[in-house]
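# Fold and geometry: a report
As a plain string of letters, each chain reads:
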Amino acid sequence: DSGVTQTPKHLITATGQRVTLRCSPRSGDLSVYWYQQSLDQGLQFLIQYYNGEERAKGNILERFSAQQFPDLHSELNLSSLELGDSALYFCASSPRLHQETQYFGPGTRLLVL
Amino acid sequence: GQQLNQSPQSMFIQEGEDVSMNCTSSSIFNTWLWYKQDPGEGPVLLIALYKAGELTSNGRLTAQFGITRKDSFLNISASIPSDVGIYFCAGSFSGNTPLVFGKGTRLSVIA
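Residues numbered from 1 in each chain as written. Chains lettered and ligands numbered in written order. Predicted model: local features only at pLDDT ≥ 70, side-chain atom pairs only at ≥ 80, totals over all residues. Heavy atoms only, no water.

## A word on the interface of chain B and chain A
The interface is formed by 20 residues belonging to chain B together with 17 residues belonging to chain A. Buried area between chain B and chain A, summed over both chains or domains, comes out near 1,500 Å², and the portion from carbon and sulfur atoms is 57%. Here chain B and chain A share zero salt bridges between them. Listing elements by their share of the side of chain B that touches chain A, those giving two or more residues are β4 (31-37), β5 (44-49) and β9 (85-92) of chain B. In terms of residues, the side of chain B that touches chain A owes the most to one element, β4(B), which gives four residues. (Contact = heavy atoms within 4.5 Å. Buried area = accessible area lost by both parts, 1.4 Å probe. Salt bridge = Lys/Arg side-chain N within 4 Å of Asp/Glu carboxyl O. Helix = DSSP H or I, 4+ residues; strand = E, 2+ residues; numbered from the N terminus.)

## Things to note about the pairing of strand β4 (residues 31-38) of chain A
Residue and element names in this part refer to chain A. The element β4 is extensively covered by neighbouring structure, given that eight of its eight residues are classed as buried. Residues Ser31, Tyr33, Tyr35 and Gln37 of β4 are buried on one face, and the alternating residues Val32, Trp34, Gln36 and Ser38, pointing to the opposite face, are buried as well. Taken together, the eight bridges between β4 and strand β5 (residues 42-50) define a ladder with antiparallel strand orientation. By the bridge assignment, Ser38 is partnered in β5 with Gly42. (Buried < 20%, exposed > 50% of the residue type's maximum accessible area, 1.4 Å probe, protein only. Pairing = 2+ DSSP bridges.)

## Here's the deal with the side chain of Ser94(A)
Residue and element names in this part refer to chain A. Note that Ser94 resides in strand β9 (residues 87-94). Owing to a relative accessible area of 0%, Ser94 belongs among the buried residues under this scheme. Residues contacting Ser94, with those up to four places away along its chain left out, are Asp29, Leu30, Ser31, Tyr33, Gln99, Thr101 and Gln102.

## Some thoughts on the pattern of salt bridges
Residues and elements named next belong to chain A. Applying the stated rule across the entire model yields five salt bridges over all chains. For Glu82, the salt bridge identified is with Arg63, shortest N-O distance 3.7 Å. Of this pair, Glu82 sits in the loop between β8 (74-78) and β9 while Arg63 sits in the loop between β6 (53-57) and β7 (64-68), and the two are 19 residues apart along the sequence. A salt bridge links Asp85 to Arg63; its shortest N-O distance comes to 2.8 Å. With Asp85 in the loop between β8 and β9 and Arg63 in the loop between β6 and β7, this residue pair connects regions lying 22 residues apart in the sequence. Accessibility classification places Asp85 together with Arg63 in one group, the buried group.

The quantities given are spatial measurements derived from coordinates; they are silent on function.
Put into structure tokens, the structure is as follows:
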């Protein structure tokens, strides 16, 4: 158990809908990272938050957004969902801003029908 | 963008055999990480390497940070059934830059 929690574990929805994925980092960790894992693309970095502020952006679509709250939990919002958004979404955390060693949560499996 | 080439893509080995896999990059990294992912779970950090030439062990696992800083290797000795899973390498140039992941090596162990 990495100490990172994610909810829900599974999510099934329809195209055009909007969903919110939630992540609680390890106790004491200030940085939260979101990743998308699909079969053909591997793990793709989406976005990083540190202590409530966005710090780095990767290959995140404009239809996706995230935020980190004062209690350090984070949410990833996916809107206008398309079939191709079906994937595993992982959250990871690390103690500091510039910290390569990241600990991953169990992931949310999203299926868009 | 940066790419990591991980090989082999998959391997089938007999229990008790040693395993080697590697990761190469088109550019220099200053940190190499190795993760293992079990089905339906998130990646779990196995070994972190921070210095060129560094050799680090974690039980039956040994990883090396290549001296060119463009590659890394992971060896598993005396494999057991619970070694089954997908092994990912990840690299970073600095703490300011995101981790880049390889596409993984899928390991199957035949008892």
